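Chains, contacts and geometry: an overview
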2 protein chains.
Amino acid sequence: MSNGLRARQDMEKERETLQAWKERVGQELDRVVAFWMEHSHDQEHGGFFTCLSREGRVYDDLKYVWLQGRQVWMYCRLYRTFQRFHHSQLLNAAKAGGEFLLRYKCAFVLTRDGRPVKVQRTIFSECFYTMAMNELWRATGEVRYQTEAVEMMDQIVHWVREDASGLGRPQLQGAPTAEPMAVPMMLLNLVEQLGEADEELAGKYTELGDWCARRILQHVQRDGQAVLENVSEDGKELSGCLGRQQNPGHALEAGWFLLRHCIRKGDPELRAHVVDKFLLLPFRSGWDPDHGGLFYFQDADDFCPTQLEWAMKLWWPHSEAMIAFLMGYSESGDPVLLRLFYQVAEYTFRQFRDPEYGEWFGYLSREGKVALSIKGGPFKGEWGTGRGRRGCASRLPPALTTCPPPP
Amino acid sequence: MSNGLRARQDMEKERETLQAWKERVGQELDRVVAFWMEHSHDQEHGGFFTCLSREGRVYDDLKYVWLQGRQVWMYCRLYRTFQRFHHSQLLNAAKAGGEFLLRYKCAFVLTRDGRPVKVQRTIFSECFYTMAMNELWRATGEVRYQTEAVEMMDQIVHWVREDASGLGRPQLQGAPTAEPMAVPMMLLNLVEQLGEADEELAGKYTELGDWCARRILQHVQRDGQAVLENVSEDGKELSGCLGRQQNPGHALEAGWFLLRHCIRKGDPELRAHVVDKFLLLPFRSGWDPDHGGLFYFQDADDFCPTQLEWAMKLWWPHSEAMIAFLMGYSESGDPVLLRLFYQVAEYTFRQFRDPEYGEWFGYLSREGKVALSIKGGPFKGEWGTGRGRRGCASRLPPALTTCPPPP
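Residues numbered from 1 in each chain as written. Chains lettered and ligands numbered in written order. Predicted model: local features only at pLDDT ≥ 70, side-chain atom pairs only at ≥ 80, totals over all residues. Heavy atoms only, no water.

The name given to chain A in an unreviewed UniProt entry is N-acylglucosamine 2-epimerase, with Rhinopithecus bieti as the source organism. Here chain A is described in UniProt, under the heading Pathway (unreviewed entry), as follows: "Amino-sugar metabolism; N-acetylneuraminate degradation." Taken verbatim from the UniProt record of chain A, the Sequence similarities (unreviewed entry) comment is "Belongs to the N-acylglucosamine 2-epimerase family." (UniProt positions renumbered as here; feature names shortened; annotations may be inferred.)

Let us now look at the overall build of chain A. A tally of helices and strands in chain A yields 15 helices and 14 strands. Against the 2.2 N^0.38 benchmark of 22 Å for 407 residues, chain A shows a C-alpha radius of gyration of 21 Å, consistent with a compact globule. In terms of principal-axis extent, the alpha carbons of chain A reach across some 70 × 50 × 45 Å. Expressed as a percentage of contacts within chain A between residues at least 6 apart in sequence, the contacts between residues at least 24 apart total 66%. Carbon and sulfur atoms make up 49% of the accessible area of chain A, which totals about 15,900 Å². Here chain A carries 49 positive and 55 negative side-chain charges, and the mean point of each set is 3 Å from the other. (Helix = DSSP H or I, 4+ residues; strand = E, 2+ residues; numbered from the N terminus. Rg over C-alpha atoms; globule rule 2.2 N^0.38 Å. Contact = heavy atoms within 4.5 Å. Areas by Shrake-Rupley, 256 points an atom, 1.4 Å probe, with all protein chains shown as cover. Lys, Arg positive; Asp, Glu negative; His and termini not counted. Charge placed at Lys NZ, Arg CZ, Asp CG, Glu CD.)

This part covers the packing of helix α5 (residues 143-162) of chain B against helix α8 (residues 206-217) of chain B. Helix-helix packing is described using two parameters, namely the angle between the two axes and the distance between the axes. Residue and element names in this part refer to chain B. It is at 13 Å that the axes of α5 and α8 come closest, and there the two elements cross at 45 degrees. Compared by their axis directions, α5 and α8 come out oblique. Read as a crossing pair, α5 and α8 show a hand that is left-handed. On the side of α5, the interface is formed by Met153, Val157, Val160 and Arg161, while α8 contributes Glu207, Leu208 and Trp211. (Axes fitted to C-alpha atoms, helices over the stretch in contact; angles between N-to-C directions. Parallel < 35°, antiparallel > 145°, perpendicular 65-115°, else oblique. Left-handed = near helix turned anticlockwise from the far one by under 90°.)

What follows is about the domain arrangement of chain A. Residue and element names in this part refer to chain A. Taken domain by domain, chain A comprises domain 1 (64-165) and domain 2 (182-348). Placing a centre on the C-alpha atoms of domain 1 and another on those of domain 2 gives a separation of 24 Å. Across the boundary between the two partners, domain 1 contributes 22 residues, which contact 17 residues of domain 2. Buried area between domain 1 and domain 2, both sides added, is near 1,600 Å², and the carbon and sulfur share of it is 65%. (Domains from an automatic or database assignment. Buried area = accessible area lost by both parts, 1.4 Å probe.)

For these two chains of identical sequence, chain A goes onto chain B by a turn of 180 degrees and a shift of 0.0 Å along the axis, with RMSD 0.0 Å. The two molecules are tied by a two-fold rotation axis, judged by turn and shift. Distance from the rotation axis, computed per C-alpha, reaches its smallest value in chain A at Glu309(A): 3.2 Å. (Least-squares fit on C-alpha atoms with pLDDT ≥ 70 in both.)

All names here are of chain A. Strands sit in the order β3-β4-β5 across an open sheet of three strands; the sheet is antiparallel. The two strands at the open ends of the sheet, each matched to only one other strand, are β3 (63-64) and β5 (116-118). Bridge analysis of strand β4 (residues 109-110) against β5 gives two bridges, and the strand direction is antiparallel. Along β5, the bridge assignment pairs valine 109 with lysine 118. (Pairing = 2+ DSSP bridges.)

Here we come to the nonpolar core. In this structure, Phe278(A), Phe325(A), Phe278(B) and Phe325(B) are the most contacted members of the largest nonpolar core, which totals 271 residues. Residue contacts for Phe325(A): discarding those within four places in its chain leaves Leu252(A), Leu279(A), Phe283(A), Leu337(A), Leu340(A), Phe341(A) and Val344(A). (Core = buried A, V, L, I, M, F, W, Y, C linked by side-chain atoms within 4.5 Å. Buried < 20%, exposed > 50% of the residue type's maximum accessible area, 1.4 Å probe, protein only.)

All names here are of chain B. Counting through the fold element by element, leucine 52 comes out in strand β1 (residues 51-52). Taking C-alpha positions, leucine 52 is 9.2 Å from tryptophan 36, a pair spaced 16 residues apart along the chain. Not counting the four nearest positions on each side in its chain, leucine 52 is found in contact with Phe35, Trp36, His39, Ser40, Arg57, Val58, Tyr59, Ile374, Lys375 and Gly376.

Attention shifts here to the interface of chain A and chain B. On the side of chain B, 39 residues touch chain A, which itself brings 38 residues to the contact. Summed over both partners, the interface of chain A with chain B comes to about 3,100 Å²; 65% of that surface belongs to carbon and sulfur atoms. In terms of surface lost to chain B, no three residues of chain A exceed Tyr59(A), Phe303(A) and Leu308(A), which account for 21% of the buried area on that side. Scanning the region where chain A abuts chain B turns up two salt bridges. Residues Lys369(B) and Glu367(A) are paired through a salt bridge, measuring 3.2 Å at the closest nitrogen-oxygen approach. Between the two partners, chain A and chain B, sit twelve residue pairs in polar contact (both at pLDDT 80 or more). Elements with a contribution of two residues or more to the side of chain A that touches chain B: β2 (58-60), β5, α9 (240-244) and β14 (370-372) of chain A. In terms of residue count, the dominant contributor to the side of chain A that touches chain B is α9(A) (four residues). For the side of chain A that touches chain B, a count of residues per class yields 21 nonpolar, eight polar and nine charged. (Salt bridge = Lys/Arg side-chain N within 4 Å of Asp/Glu carboxyl O. Polar contact = N/O pair within 3.5 Å; in protein donor to acceptor, adjacent residues only side chain to side chain. Nonpolar A, V, L, I, M, F, W, Y, C, P; charged D, E, K, R; others polar.)

Structure, rendered in structure tokens:
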């Protein structure tokens, strides 16, 4: 057999494997959406129940605002970008969720009818609110949603870059001025969201996007040997557990945010750095050699983390890893990244799926047993599974030839 | 063999078993105290390092105020009540810890040199401060410590019973006025602490102690079938996860606080109720039939709890259970309670001990494997193991004939 023929056959086989994954992922996306459509809609007040048991029973009717915003975003995005989800039931639920958020805004958690239960003194509820409003505008064409999104974005940028005092955090003498990587990550995500096919806003936020990327890159520490979750604002390692904290799934998520940034910038050198530091490095340190799966937290000096759940396997780091490796492969063609996608995807589909009731389990023990049977809770909604499936579905086979759509 | 002879032989055997436990517990107490003496003292600033690895290495030098107060209390208590701990090294370390607390007071966590890092808008740092100051007064005779204790107690009672606004919690329209059981528990503990051999203060706090006991008893819900962690202030079940939350180890701890209250009151009827609802009931629901050990959290309707660590086995619920069952047996003579003490103690000594480096592991998986190898952290100090060992040591054999000392 000639070398050319063998190469063509290998490529054909690869294409078939990827096509099979595309179908699997697409089926999972359908099952996940069906689960949330069936169980999560609050017909009375709008918005979504997210505390759902394995079977989909509502075990608490509190409304966590992160998850409200994410589900609105997800529904609109599916409606806009997949023919089979372009139906009014999905759009109407998204609109009802959006109106609920518009009325009651951005505490951390609300009662079913919208009264605030708990506030967090961070930017994240507002960030998911902004993503929801921007997508609603794109899905419906109603300008008032976009006005909300842009005004809230200005507020968030003000808090992050000018004056955080409006968030109401106490100023304490011993508290380090730490930057959690989540902050520039979230902002970079918003820059991409608002700038999509919108030259004016893309231009407005160009400098902000560059700033976010620089700040995320500052989290690569110790001569490039570790991505640390928290660093000082001028990019130095902080002392103690806070400074040594690592979260491999979060680093991988930052990785694909940065890959998208590199694509917009057309910067292959930065892309190679990102693949090295935010994809390969966290995977090497974070993958459990004994039982498979990504650890939730690690300590850069190999002390035992103090988070009780540090060794548990959560659904979302695996979703982020699948997106990151597929996007990395799609951009670079490096087969190592494709192999890592397969490794993560095989573990993920084997361990997290619930063949009986649909959707995915969110929390496994270190050994891979289901530790919590809930399908949704204070931090798990449709987003983590839906975005992962959507992100992969839209990047499989076509991803080999076309540029992937925005996250 | 006559019945009388057999009964005497059984009693003799029981006494031997208890004597063996007393020795085991005493040895563990020695090892625990030695571990903290060797690794935790901050010779430069006073106070204690509590973030200690398996071997005793300091992996973070933050000072969690709960643990500072508790260690001062523990050292003074040991100094006062055990001949072998009546030495100046222990007292001097307690005094240095007390002076550290006096200087920097009651944030939730301080830097090594006392600058506040984080505040909690609750009463607990102040409660442990009060316990520390009162014990320091008892151990040293220096009145200024007692003045501090009594003034802080007045402040705490004001927050709990008159006006909580000084704690700075935001007033949110949707937040239920929930009472965590920890609040009346903690206050009842302080009533006993301050009233010990002090007729004037015991009199001052009599009404408060009765109020605390009534409030704790309100947490027995569902026709006496469940102890719920959070109820409304007028003793009704709250909706959702918050309302259904159970913590078997915490209920057992409340149980022995209430038993002490019954002893002071001379109320055998209440004692029987407490044994039934706060000892037997939480043990029946909370003991893992498959792997042994007490679950950390449960849901009264058997939904899966949302706490990722719900099925883990923590050291402290087992310490509390050992004290509770031994105290219950000591008061009632009911052999069922003695059997339960043995059951818990056997699990606890088998699973939590670290024969290699001393002290105890704090966090096991559901199956009983060590999940975190740390010996101390943000919430685990010398208290949980030390108080457990001390509480049991002082209740074994003598407990069969004499009234146990205060907790």
